[in-house]
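Topology and contacts: notes
One letter stands for each residue in the lines below.
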Amino acid sequence: MAKVLEGKAVAAAMAGQLRLRAEALARRGVEPRLAILRVGDNGSDLAYERAAAKRCAALGIGVETVTLPGDADTQAVLAAIDRVNADERIHGCLPLRPLPGAIDDGSVRQRLSARKDVDGIGPASLARLFTGSGEGFSPCTAQACLELLDYYGVGLRGRHAVIIGRSLVVSRPLALLLVERDATVTICHTKTVDLPALCRTADILVSAAGKAGLVDASYLRPGQVVVDVGVNVSPEGKLCGDVRFEQAETIVDAISPVPGGVGSVTTLVLCKHVIQAAEAVCGLPDGTER
Ligand code: NAP
């Protein structure tokens, strides 16, 4: 049976370290602080906001929610971003996306200061992924996949990682992070020919398609490590990933579950970035990922 890569253990280890770092900041009179920017009151945004706020509070990170009505226009959102950028008490900002359709997402991503872009959505953060230098942060979900693999000691150097998905939010950033760590990466999408055969060539298979049950036994072989990023609702109404877990666990070496895998680590990465941003302001070395 495959080893189950539980996100909870990773999150607990990260939380222990982050609490110490927040305490070191507190001794200097600095409270790391996150602004969550929410437009409207969409249920999943509210749920994410509550979960993030709870996690932050437990680590000594202050949170304030900047809310705008659901019919706010782009100018109103940009004005809110300007206030956050100018507020020295705030170290990181998380705009909850997708933003309502009338708002120009590109302008929002451009406007947020790279120093506060803790979910890695802006052009400077993406440039940093490409160049390995400059300001900004890695997108939290992509970074969470690496945290999970690192915690469980999965070697990356020289290994073939196949990623299902090419989104700017998850898959492409993850591909760059894996290349930076000396993996050989193949990115797949809906036009990829013979996806199962390609996936079977992977040492590390990451699925971020958002398709329940896409990855079945035909995509897998013994020896693989599988990271399931997908968050879907099954026809039975249950939360599930992209991978048919019950098939995969009898074939591969290790697999992350959904729920309880990557998703449990993502908020911790957000917290880590807020603390890192606060440390940068204080001139403290952060010792975290690039
Ligand atoms: P997205 O923008 O919809 O991208 C999905 C990607 O998967 C696309 O590139 C698409 O290819 C590809 N794809 C879809 N079906 C496919 C198929 N049958 N065969 C091959 N490729 C296929 O989604 P996303 O924002 O990257 O998110 C991916 C998943 O991760 C979602 O389930 C989302 O809910 C989840 N997620 C989880 C977390 C977390 O913390 N755990 C965070 C963010 C997102 P094309 O480009 O050709 O369309």
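In this report, we go over the structure that sits alongside the text.

A separate point is the overall build of the protein. Counting secondary structure elements, the protein contains ten helices and eleven strands. In terms of overall dimensions, the protein is globule-like: its C-alpha atoms have a radius of gyration of 19 Å, near the 19 Å expected for 290 residues. Long-range pairs, those at least 24 residues apart, make up 70% of the contacts in the protein between residues at least 6 apart in sequence. One way to put it: in the protein the 32 positive side-chain charges average out to a point 2 Å from where the 33 negative ones average out.

A few words now on the site of the ligand. Near the ligand lie 20 residues; those nearest to it are R166, S167, T190, V231 and T266. T190 is positioned with one of its side-chain polar atoms (N or O) 2.5 Å from an oxygen atom of the ligand. Within the complex, 69% of the 920 Å² of free accessible area of the ligand lies under protein. Residues that form the shell around the ligand fall into these classes: eight nonpolar, ten polar and two charged.

Here we come to the nonpolar core. Grouped together as the largest cluster of nonpolar side chains are 56 residues, with contacts concentrated most on L34, I61, L148, L178, I204, V227 and V229. Element by element, the count of residues in this core is highest for helix 10 (residues 262-282), at ten residues. Residue assignment places this core across two domains, with domain 1 (28-119) and domain 2 (140-263) each supplying three or more. Once residues within four sequence positions are removed from consideration, V227 is found in contact with C145, L148, L149, L205, V206, S207, S256 and V262. Listed in part, the 18 residues of the second largest apolar core include L68, A72, V77 and A80.

The next point concerns the environment of G106. Positionally, G106 belongs in helix 4 (residues 105-111). By relative accessible area, which is 25% here, G106 ends up partly exposed.

Let us look at the pattern of salt bridges. Tallied over the full model, the rule gives 13 salt bridges. A salt bridge links R109 to D105, with the nearest nitrogen and oxygen atoms 2.8 Å apart. One end of the pair, R109, and the other, D105, are both in helix 4, four residues apart, so they sit about a helical turn from each other. Given a relative accessible area of 23%, R109 falls into the partly exposed group. With its nearest N and O atoms 3.3 Å apart, the salt bridge here joins D203 to R221. Placement of the pair is D203 in the loop between helix 8 (195-200) and strand 7 (204-207) and R221 in the loop between strand 7 and strand 8 (225-228), with a sequence separation of 18 residues.

Here we take up the packing of helix 2 (residues 43-59) against helix 10. Between two packed helices, the angle of one axis relative to the other and the distance separating the axes together describe the packing. Relative to each other, helix 2 and helix 10 sit at 60°, their axes nearing to 10 Å. With respect to helix 10, the element helix 2 is oriented oblique. Crossing handedness for the pair helix 2 and helix 10: right-handed. Residues Y48, A52, R55, C56 and L59 of helix 2 pack against S264, T266, T267, L268, L270 and C271 of helix 10. Residue classes in the contact of helix 2 with helix 10 are distributed as seven nonpolar, three polar and one charged.

Calculation rules
- Residues numbered from 1 in each chain as written.
- Predicted model: local features only at pLDDT ≥ 70, side-chain atom pairs only at ≥ 80, totals over all residues.
- Heavy atoms only, no water.
- Helix = DSSP H or I, 4+ residues; strand = E, 2+ residues; numbered from the N terminus.
- Rg over C-alpha atoms; globule rule 2.2 N^0.38 Å.
- Contact = heavy atoms within 4.5 Å.
- Lys, Arg positive; Asp, Glu negative; His and termini not counted.
- Charge placed at Lys NZ, Arg CZ, Asp CG, Glu CD.
- Near = heavy atom within 4 Å.
- Polar contact = N/O pair within 3.5 Å; in protein donor to acceptor, adjacent residues only side chain to side chain.
- Areas by Shrake-Rupley, 256 points an atom, 1.4 Å probe, with all protein chains shown as cover.
- Nonpolar A, V, L, I, M, F, W, Y, C, P; charged D, E, K, R; others polar.
- Core = buried A, V, L, I, M, F, W, Y, C linked by side-chain atoms within 4.5 Å.
- Buried < 20%, exposed > 50% of the residue type's maximum accessible area, 1.4 Å probe, protein only.
- Domains from an automatic or database assignment.
- Salt bridge = Lys/Arg side-chain N within 4 Å of Asp/Glu carboxyl O.
- Axes fitted to C-alpha atoms, helices over the stretch in contact; angles between N-to-C directions.
- Parallel < 35°, antiparallel > 145°, perpendicular 65-115°, else oblique.
- Left-handed = near helix turned anticlockwise from the far one by under 90°.

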